[in-house]
Amino acid sequence: MQDHKKFIRETFKNAKESADRGDYPHGALIVCDDKIISRGYEWLKSKNDAVNGHAEIDAIRKAQKTLGQPYLKGCTLYSAAEPCPMCASAAFWAKIDTVVWSTSREDMIEEMDKKKDGNFSWRQIAISADEIFKKGIGHEIKTIPGVLREEGKKLFDLPT
């Protein structure tokens, strides 16, 4: 049985490294058989890549390379925040079994409302990861939301 809190804390470390570099505080991991296969970091700003610069995409691609295959059956994606629709779709296409996250899409929206000074510019598509997974045909993904949520919300206070 995987220790979800332990792995979510690892995503927080990745998120802090991303923020230290000037990117948004997001981090992700792929775990297989209780071992970290890959670490994902946010690269959106530093690599000027709004598509491939998401931490979950980074973690999925690295895991595929490490395992030498496109599908990550038996693996879990851990994310410091609920994956956006693009990243949730990538998890579906990669056949990941479980997705675990800390803060929710609603938490991010609440933070955006608090930070109207222009420094916080995350955009949202109003579709949850669970909605994406429920629409998928041919593969089911289990979700475990809200792991260490209050601790994860502190990442929103990091300068980016």
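Up top you'll find the structure we're talking about.
Here's a quick rundown of the structure. Remember, it's a predicted structure, so these values are computed and weren't measured experimentally.

1. Section: the environment of arginine 123
Argument step 1. With respect to the element layout, arginine 123 can be found in the loop between helix H4 (105–114) and helix H5 (129–135).
Argument step 2. On the accessibility criterion, arginine 123 (65% relative accessible area) is exposed.

2. Points about the nonpolar core
Argument step 1. By size, the foremost hydrophobic cluster in this structure holds 24 residues, and its most contacted members are Ile30, Ile60, Leu72, Ala91, Ile96, Val99 and Phe133.
Argument step 2. Looking at this core, the elements with two or more residues in it are strand E1 (27–32), helix H2 (55–67), strand E3 (75–81), helix H3 (85–93), strand E4 (98–103) and H5.
Argument step 3. Once residues within four sequence positions are removed from consideration, valine 99 is found in contact with Leu77, Pro83, Ala91, Phe133, Ile141, Lys142, Thr143 and Ile144.
Argument step 4. If you look at the next biggest cluster of nonpolar residues, it comprises 13 residues, including Ile8, Ala80, Ile144 and Leu148.

3. What about the state of the cysteines?
Argument step 1. As enumerated under the stated definition, the model contains 1 disulfide in all.
Argument step 2. What pairs with cysteine 32 in a disulfide is cysteine 75, and their sulfur atoms sit 1.9 Å apart. What sets the handedness of the cysteine 32 and cysteine 75 disulfide is the S-S torsion sign, and at about 95 degrees it is right-handed. Here cysteine 32 is found in strand E1, whereas its partner cysteine 75 is found in strand E3, with 43 residues between them in sequence. In terms of burial, cysteine 32 and cysteine 75 fall into one category: buried.
Argument step 3. The thiol of cysteine 84 is unpaired, and the distance to the nearest cysteine sulfur, on cysteine 87, comes to 3.7 Å.
Argument step 4. On the basis of relative accessible area, cysteine 87 is assigned to the buried category, the value being 0%.

Here is what the cut-offs are and how they apply
- Residues numbered from 1 in each chain as written.
- Predicted model: local features only at pLDDT ≥ 70, side-chain atom pairs only at ≥ 80, totals over all residues.
- Heavy atoms only, no water.
- Helix = DSSP H or I, 4+ residues; strand = E, 2+ residues; numbered from the N terminus.
- Buried < 20%, exposed > 50% of the residue type's maximum accessible area, 1.4 Å probe, protein only.
- Core = buried A, V, L, I, M, F, W, Y, C linked by side-chain atoms within 4.5 Å.
- Contact = heavy atoms within 4.5 Å.
- Disulfide = S-S within 2.5 Å.

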